[in-house]
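Here's the letter readout for the chains.
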Amino acid sequence: MDMMAMVSSMLAAQQGALQSNIAATLTKQNADMEKSTVLTLLGAGQPSLANVGPGVGGNLNISA
């Protein structure tokens with residue numbers, strides 16, 4: 001194997017590793033985004049006060 005072929009194969013291997021790392025990073029980011037979207041749609045975390053009457057869920061004055 002001549003020197004140029006060996007250098008070319010090493011550069012190709014490095015390029016392949018870089019592409020694999022980028023693909024793994026993008027896949028993780030997409031999975032995190034999908035998880036966040038699902039949790040938002042399910043309303044996880046905090047209850048919604050969208051359908052309650054006025055004054056419900058506000059501060060309560062207990063000093064009186």
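Residues numbered from 1 in each chain as written. Predicted model: local features only at pLDDT ≥ 70, side-chain atom pairs only at ≥ 80, totals over all residues. Heavy atoms only, no water.

(A) Spotlight on the overall build of the protein. Each helix and strand counted, the protein has one helix and zero strands in total. In the protein, buried positions account for 0% of the 64 residues. Here the protein displays about 5900 Å² of accessible surface, and carbon together with sulfur accounts for 63% of that area. (Helix = DSSP H or I, 4+ residues; strand = E, 2+ residues; numbered from the N terminus. Buried < 20%, exposed > 50% of the residue type's maximum accessible area, 1.4 Å probe, protein only. Areas by Shrake-Rupley, 256 points an atom, 1.4 Å probe, with all protein chains shown as cover.)

(B) A look at a nonpolar patch on the surface. A cluster of nonpolar side chains, Met3, Met6, Val7, Met10 and Leu11, forms an exposed patch at the surface whose accessible area comes to about 500 Å². When you line up the elements, methionine 6 lands in helix α1 (residues 3-42). (Patch = residues over 30% accessible without salt bridge, like charges linked within 9 Å, V, L, I, M, F, W, Y side chains within 5 Å. Salt bridge = Lys/Arg side-chain N within 4 Å of Asp/Glu carboxyl O.)

(C) Molecular detail of α1. For α1, which comprises 40 residues, the first-to-last C-alpha distance of 59 Å matches the rise-based estimate of 58 Å (1.5 Å per residue) to within 8%. Looking at the residues trailing α1, positive phi occurs at glycine 43, about 75°. (Expected span 1.5 Å × (residues − 1).)

(D) Region of interest: the pattern of salt bridges. For the structure on display, the rule yields one salt bridge. Lysine 28 is the partner of aspartate 32 in a salt bridge, and the nearest nitrogen-oxygen pair spans 2.9 Å. You can see aspartate 32 and its partner lysine 28 sitting in helix α1, four residues apart, about one turn around the helix. We classify lysine 28 as exposed; its relative accessible area is 53%.

Geometry only, nothing functional implied.
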